[in-house]
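Residue-level listing of the chains:
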Amino acid sequence: MHMADALLSPAVGTAFWAGAIGTIGFASRKLKARLDDRKIPLMGVAGAFIFASQMINFTIPGTGSSGHLGGGLILTILLGPHAAFLVMASVLTVQALFFADGGLLALGCNIWNLGVYPCFVAWPLIYKPLAGDGRDRRRILPASVASAVAGLQMGAFSVVLQTLLSGKIALPFGTFLLVMQPIHLAIGAVEGFVTAGVIHYVRAVRPEMLDSVASTRPLAAGISLRNVLAGFIALAVVTGGALTWFASTHPDGLEWSIERISGKGGLPGQEHGIAAAAKRLQEKIAFLPDYGFKPPEGKSRGTEEAPAWPNIDAGTSASGLIGGLLVLAMALGIGWAIRAFRGKRST
Amino acid sequence: MTFEASFSGIGRLDRLSYRDTAVHRLDPRAKVVATMLYVVAVISFPKYEVLSLLPFFLFPVLMAALGDIPAGFIARKVVAVSPFAVFVGMFNPLFDPGTVAIAPGVSVSAGWVSFASILVKFALTISAALLLIATTSFPGICRAFRRLGMPALFVSQLLFLYRYLFVLMEETMRVVRARDLRSFGRRGTGVRVFVRIVATLFLRTVERAERIYGAMLARGFRGEVPSMRREALGPSDAVFVLAAASFFALCRLVPVPETIGRLVRGFTG
């Protein structure tokens, strides 16, 4: 669910770039204050591990669809939120450059969607309260499923919001949302199970590694780097080398969901069923009804789209303003939530 | 995409980036800045704009040509890229049924126009990103990020990821290939062989990673990857950025194809 350049408007793209760079700066400063040199190569190997595992699509049981690992949650549990965020941002940067996944302007959005939500929202607000100090192994699975689902739902919602604020597509808000959210529910559940499996493995081999993050202290000097690196590399090799041999040839989750829609063949007459429901939902929740998300009914585009250049429409500047304000509100809200959570925990 | 295809794609892009051409010799900062300006200029076009985008193809074409990058390779990578934009844009013709006259007597659904616009923007932005890496090299881009103010810690994370990525993938590829050569059909692909392969790989890679870390410590590693390269923005970099920026501004502000069309019609009519 990488956001793509072609769907973005410059205002939305640059707003999220600013948000992503701000968060990178924040995480770097936080990390620098208490980083041990050994964690730097560890972060590098962890990035390679996530990278290798993301190249593998696996089949989600029951749907015929396939997903891939986001990785943000695993990293946060193993490395802590600041290091994990930087690793995620670096993985997404490499993907944007070498695979052109999304593109350069969309990189800001992707770092935001796949980095900020799992590391700074889902982990502190959902995983930690549910999993506690990580000593009870039965709490790990529900905690990781819940937080992976929540993180991916926020990410998917964010993709829908960024796309619609950019105003480049005609897909109605409700329909897009009804496609994206359920698909990412399934992907999130699978991600949660995979995360729990990895955490159980790490817990069995290097339990002190989880402890050091749970108490958010740097890794103790006595921990053998070799064993920790070894565990990660083993996982990277297993996922990268082994699972690829039977990697799924099914389309990606999003592609599958769109195939399913278009495969119904009932799209032109959409006055019944899910499209109608989506339309009603959209009419209820569309907070900017005439802003270009949907063409006004019965009005021909042809007449109003006379190629009058320069085409400065209010929608574009409105989207910039709204996008900027939303990012600001989200950033402030997340900061506030983390602070509130910290305050509650320390009392 | 298979593991092998992805890996060879990365490797090829990486090798291309170490060529020595006028484009490769430009300062990485100049190329990063120009590419970002380019992407923003392309993306800033309104939803129903197709024709005015076309002059922007000049930039990737020039970069590929001057940088001696095989255009077919880049084109194949653009097509193979994860098609999120295409799948979402595909719905424009269905949900945007108004009509637009594209020529006298010929009109199409407005949705098709906006879909075409998304496709063109997709091709332009993706090829620009791929050409940036193919002409600049990943470490070069990291240095540019550092000089443009990215935190040092994040830049060294990028460099470490890049280094370990190749160590890990090459090791895996070599072993997988060796196994494939020695196994006929499904023989030799069983669990026991697999476990041995993983164990060997595991030991080899850990040892290598530790050697790298030890070597780094021995060479005075203090948490940051230093670069001996002294890069100074030269006149050619300034000319490149200025020329690129003014070209983008011109194409953005003047509908070049339309103007050319009018001129041509003025001459002929």
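1. Focus: the overall build of chain A
What chain A contains, in helices and strands, is 13 helices and 2 strands. Counting the 347 residues in chain A, one finds 52% classified as buried. Within chain A, contacts between residues at least 6 apart in sequence are counted, and of these 80% link residues at least 24 apart.

2. Examining the overall build of chain B
Helix and strand counts for chain B come out as 13 helices and 2 strands. Across the 269 residues in chain B, those meeting the buried criterion constitute 40%. Residue pairs at least 24 apart in sequence account for 76% of intrachain contacts in chain B once pairs closer than 6 positions are excluded.

3. Points about the nonpolar core
Ala46, Leu86, Val87 and Met88 of chain A are the most contacted members of the largest nonpolar core, which totals 159 residues. At 17 residues, helix 8 (residues 110-136) of chain B tops the list of elements feeding residues into this core. Split by domain, the residues of this core number at least three in each of domain 1 (1-150 + 232-258) and domain 2 (151-227) of chain B.

4. Describing the environment of serine 28 of chain A
Along the polypeptide, serine 28 of chain A turns up in helix 1 (residues 10-32). It is 7.9 Å that separates the C-alpha atoms of serine 28 of chain A and alanine 83 of chain A, two residues lying 55 residues apart in sequence. Ignoring sequence-local partners within four residues, the contact set of serine 28 of chain A consists of Leu86 of chain A together with Pro151, Leu153 and Phe154 of chain B.

5. A short note on the confidence of the model for chain A
Residue and element names in this part refer to chain A. A residue-level look at chain A finds 51% of positions with pLDDT of 70 or above and a mean pLDDT of 66. Note on residues 214-225: pLDDT under 50 across the span, and 16 contacts to partners over four residues away in sequence or across chains. Segment residues 262-275: pLDDT under 50, and 7 contacts once partners within four positions in sequence are set aside and those in other chains are kept.

6. A few points about the domain arrangement of chain B
Many descriptions give the size of an interface as the accessible area lost when the pieces come together. Residues and elements named next belong to chain B. Domain annotation for chain B reports domain 1 (1-150 + 232-258) and domain 2 (151-227). Each partner contributes residues to the interface: domain 1 has 9 residues there, and domain 2 has 10 residues. Those elements giving two or more residues to the side of domain 1 that touches domain 2 turn out to be helix 1 (3-16) and helix 9 (138-147). Residues belonging to the side of domain 1 that touches domain 2 are distributed by class as follows: 6 nonpolar, no polar and 3 charged.

7. A few points about helix 4 (residues 58-66) of chain B
Residues and elements named next belong to chain B. Within helix 4, burial applies to Phe59, Pro60, Met63 and Ala64. On an axial view of helix 4, the arc spanned by its buried residues comes to 125 degrees, and they lie on one face. Opposite the buried face of helix 4, by more than 90 degrees, sit the exposed residues Leu58 and Ala65. Check the buried side of helix 4 and you find it contacts helix 2 (22-25), helix 3 (28-43), helix 5 (71-80), helix 8 and helix 12 (235-253). Looking one or two places after helix 4, you find aspartate 68, whose phi comes out positive at around 60 degrees.

8. What about the environment of leucine 114 of chain A?
Summarising the element assignment, leucine 114 of chain A is placed in helix 5 (residues 106-131). Separated by 44 residues in sequence, leucine 114 of chain A and serine 158 of chain A have C-alpha atoms that sit 9.8 Å apart.

9. Observations concerning the confidence of the model for chain B
Residue and element names in this part refer to chain B. Per-residue confidence for chain B gives a mean pLDDT of 79, with 82% of residues at or over 70. Taken element by element, the predicted model of chain B shows its lowest mean pLDDT in helix 11 (residues 191-218) (62) and its highest in helix 3 (92). For this predicted complex, the interface score ipTM comes out at 0.80, while the overall pTM is 0.71.

10. Thoughts on the environment of leucine 66 of chain B
Residue and element names in this part refer to chain B. With respect to the helices and strands, leucine 66 occurs in helix 4. For leucine 66, a count of 14 C-beta atoms within 10 Å translates into the label partly exposed. With 12 residues separating them along the chain, leucine 66 and valine 78 place their C-alpha atoms 19 Å apart.

11. So, the packing of helix 3 (residues 72-79) of chain A against helix 4 (residues 81-99) of chain A
Residue and element names in this part refer to chain A. The geometry of helix 3 relative to helix 4 is characterised by a closest axis approach of 7 Å and an angle of 140 degrees between their N-to-C directions. When the interaxial angle is binned, helix 3 and helix 4 end up oblique. Both helix 3 and helix 4 take part in a crossing whose hand is right-handed. Here helix 3 contributes Gly72, Leu75, Thr76 and Leu79 to the contact with helix 4, which in turn contributes Pro81, Ala83, Ala84, Val87 and Met88. The class makeup of the residues in the contact of helix 3 with helix 4 is 7 nonpolar, 2 polar and no charged.

12. Topic: unusual backbone geometry
Peptide bonds are trans in most cases, and residues, glycine excluded, mostly fall at negative phi. Residues and elements named next belong to chain B. Despite not being glycine, aspartate 68 shows a phi value in the positive range, around 60 degrees. Note that aspartate 68 resides in the loop between helix 4 and helix 5. Even without being a glycine, serine 137 presents a positive backbone phi close to 75 degrees. Residue position: serine 137 is located in the loop between helix 8 and helix 9.

13. Points about helix 6 (residues 140-166) of chain A
Residue and element names in this part refer to chain A. With 27 residues, helix 6 extends 38 Å from end C-alpha to end C-alpha; this agrees with the ideal 39 Å at 1.5 Å per step. Counted residue by residue, helix 6 has 21 buried out of 27 residues, so it is predominantly covered. At the exit of helix 6 stands glycine 167, carrying a positive phi of roughly 65 degrees.

14. Some words on the packing of helix 3 of chain B against helix 9 of chain B
Packed helix pairs are specified by the crossing angle of their axes together with the interaxial distance, meaning the distance between the axes. Residues and elements named next belong to chain B. At their nearest, the axes of helix 3 and helix 9 sit 8 Å apart, and the two run at 80 degrees to each other. One way to sum up the angle between helix 3 and helix 9 is to call them roughly perpendicular. Counting all contacts with helix 3, which are made through Pro28, Arg29 and Val32, the residues of helix 9 involved are Gly140, Ile141, Arg143, Ala144 and Arg147. When the residues that make up the contact of helix 3 with helix 9 are grouped by side-chain class, the tally is 4 nonpolar, 1 polar and 3 charged.

Rules of the game
- Going along each chain's sequence as written, the residues are numbered from 1 onward.
- Chain labels run from A onward and ligand labels from 1 onward, assigned in the order the entries are written.
- Where totals are concerned, whole chains, interfaces and linings use all residues; where local detail is concerned, this predicted model gives features only for residues with pLDDT of at least 70, and gives and counts side-chain atom pairs only at 80 or more.
- Secondary structure elements are taken from DSSP: a helix is a run of H or I of four residues or more, a strand is a run of E of two residues or more, and numbering for both begins at the N terminus.
- Any residue surrounded by 20 or more other C-beta atoms within 10 Å of its C-beta is treated as buried, while 12 or fewer makes it exposed and the intermediate range makes it partly exposed; C-beta atoms here are placed from the backbone.
- Contacts are defined on C-beta atoms placed from the backbone: any two residues whose C-beta positions lie within 7 Å are in contact.
- The term nonpolar core refers to a group of buried residues, namely Ala, Val, Leu, Ile, Met, Phe, Trp, Tyr and Cys, whose C-beta atoms join them within 7 Å.
- Bear in mind that the domain bounds are from an automatic or database domain assignment.
- A score from 0 to 100, pLDDT tells how confident the predictor is in each residue.
- For this scheme, ten residues count as nonpolar: Ala, Val, Leu, Ile, Met, Phe, Trp, Tyr, Cys and Pro. Four count as charged, namely Asp, Glu, Lys and Arg, and the remainder, Gly too, count as polar.
- Arc definition: directions from the helix axis to the C-beta atoms.
- Here an axis means a line fitted to C-alpha atoms, over the contact stretch when the element is a helix, while the angle between two N-to-C directions is reported on a 0 to 180 degree scale.
- Should an angle fall under 35 degrees it is called roughly parallel, over 145 degrees roughly antiparallel, and 65 to 115 degrees roughly perpendicular, with every other angle called oblique.
- Left-handed describes a crossing whose near helix is turned anticlockwise from the far helix by less than a right angle; the clockwise case is right-handed.
- Each residue after the first adds 1.5 Å to the expected span of a helix.

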